[in-house]
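Breakdown of the fold
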Amino acid sequence: MIDQALTQHEIAGHMDSKQDVLDFLVTEEQLGVTLLTAAIQNAPGTPSEAFLPVLRNGVTTEYHHVEALEAAGGEALTTSYWFPDSAFGGGGIGLFETLEVIETIEISLYLIGVSAFARVGEDYGARLCAEAMGTEAVHRALVRFAQGELGTKDIGAPNDVGFENFDWPTVAKVRQSLEELGIRYGTESSSQRGRFYEYPGDPLASGVGTPVNHTNPA
């Protein structure tokens, strides 16, 4: 009960504005498109090549999220992302470990979005966030499955939660946790080897993505 009370107090004390949430959601979904595009391009000859159909659909999904969030008023904070080389894990298990952490944190980010829209009585925005969060949860399960297939012995079943997490209840906590992976938004990290990647835009146009169903929020 004490932990629950503290969590609720923390949430009540820092309610991110709808615009702040939208802007970081767009920024984060652009990051997803950028990271997955690089992973797909680097996949041939690596263990991740076996999961290219999942990655190609995933990058398209993330792009549709970008488009919907921008249409709802979100503006990206940057289009330039610094990824440490380790984030890609040589196209092996490490790549899917990185993706699992990112997807897990993004689920919390979308729940922040649901709350932000609900507070101002905008059911469309809340539903948009919920619909997008559902696909992020699918992605999380798929990358957990990939880790198991590639030999991670202690990963467990991919469908391992009863309710999705809300462990990062503010945008600041979301960003802090992602930056702990070595990711940077428009700035360079001095702690790990890596480089900048520019947001590449539509993955269908570039040939790295594949079409998905339900391309617009209801």
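Scroll up for the structure.
These numbers come from a predicted model, not from an experiment. (Residues numbered from 1 in each chain as written. Predicted model: local features only at pLDDT ≥ 70, side-chain atom pairs only at ≥ 80, totals over all residues. Heavy atoms only, no water.)

**Here's the deal with the packing of helix α4 (residues 93-119) against helix α5 (residues 123-149)**
Two elements in contact, α4 and α5, have axes whose closest approach is 8 Å; the angle formed by their N-to-C orientations is 165°. On the basis of their axis angle, the class for α4 and α5 is roughly antiparallel. The handedness of the crossing between α4 and α5 is left-handed. When the residues that make up the contact of α4 with α5 are grouped by side-chain class, the tally is 17 nonpolar, 5 polar and 7 charged. (Axes fitted to C-alpha atoms, helices over the stretch in contact; angles between N-to-C directions. Helix = DSSP H or I, 4+ residues; strand = E, 2+ residues; numbered from the N terminus. Parallel < 35°, antiparallel > 145°, perpendicular 65-115°, else oblique. Left-handed = near helix turned anticlockwise from the far one by under 90°. Nonpolar A, V, L, I, M, F, W, Y, C, P; charged D, E, K, R; others polar.)

**Brief notes about unusual backbone geometry**
At H214, a position not held by glycine, the phi torsion is positive, near 55°. Looking at the secondary structure, you find H214 in the segment after α7 (203-206).

**Points about empty space enclosed by the protein**
Scanning all chains against the criterion turns up 2 cavities of 30 Å³ or more. Considering only enclosed or pocket space, the largest cavity measures out at about 100 Å³ in volume. Counting only elements with at least two residues in the lining of the largest cavity, the list comes to α3 (52-71), α4 and α5. If you tally residues by element for the lining of the largest cavity, the top one is α3, at 4 residues. Taken together, the residues of the lining of the largest cavity sort by class into 6 nonpolar, 2 polar and 2 charged. Of the voids in this model, the second largest cavity is the one considered here, and its volume is about 50 Å³. Contributing to the lining of the second largest cavity are L31, G32, L35, L36, E62, L99, I102, E103 and E106. When contributions to the lining of the second largest cavity are tallied by element, the ones reaching two or more residues are α2 (18-42) and α4. Among the residues making up the lining of the second largest cavity, the classes are represented as 5 nonpolar, 1 polar and 3 charged. (1 Å grid on protein atoms, 1.4 Å probe; cavity = no way out; pocket = protein on both sides within 12 Å on 5 of 7 lines; lining within 4 Å. Points joined across faces, edges and corners; volume = space filled by probe spheres on them.)

**Side note on the side chain of S189**
Structurally, S189 can be placed in the loop between β2 (184-185) and β3 (194-198). Residue class for S189 comes out buried when judged on its relative accessible area of 4%. Each residue touching S189, except ones within four places of it in the same chain, is listed here: W82, G182 and R184. (Buried < 20%, exposed > 50% of the residue type's maximum accessible area, 1.4 Å probe, protein only. Contact = heavy atoms within 4.5 Å.)

**Side note on the pattern of salt bridges**
Between side chains of opposite charge, pairing is possible as soon as their charged atoms come close. All told, the structure shown has 6 salt bridges when counted by the stated rule. Here K18 ties to E122 by a salt bridge, and the two come within 3.0 Å at their closest N and O atoms. Highlighted residues: K18 in helix α2 and E122 in the loop between α4 and α5, separated in sequence by 104 residues. Under the relative-accessibility criterion, K18 is labelled partly exposed at 26%. (Salt bridge = Lys/Arg side-chain N within 4 Å of Asp/Glu carboxyl O.)

**Remarks on the sheet that holds strand β1 (residues 80-84)**
With antiparallel pairing, the 3 strands of this open sheet are ordered in space as β2-β1-β3. If you trace the sheet from one side to the other, it starts and ends with β2 and β3, each paired once. Sheet strands touched by α2: β1, β2 and β3. Its angle to β1, the strand with the most contacts, is close to 55°. (Pairing = 2+ DSSP bridges.)

**Re the nonpolar core**
Within the largest apolar cluster, 53 residues are counted, with the highest numbers of intra-cluster contacts made by F83, F88, F96, L99 and V174. The set of elements that each furnish at least two residues to this core consists of α2, α3, β1, α4, α5 and α6 (171-179). Per-element accounting of this core gives the leading share, 12 residues, to α2. Setting aside its immediate chain neighbours within four residues, F88 contacts L35, A38, A39, F83, L95 and Y197. (Core = buried A, V, L, I, M, F, W, Y, C linked by side-chain atoms within 4.5 Å.)

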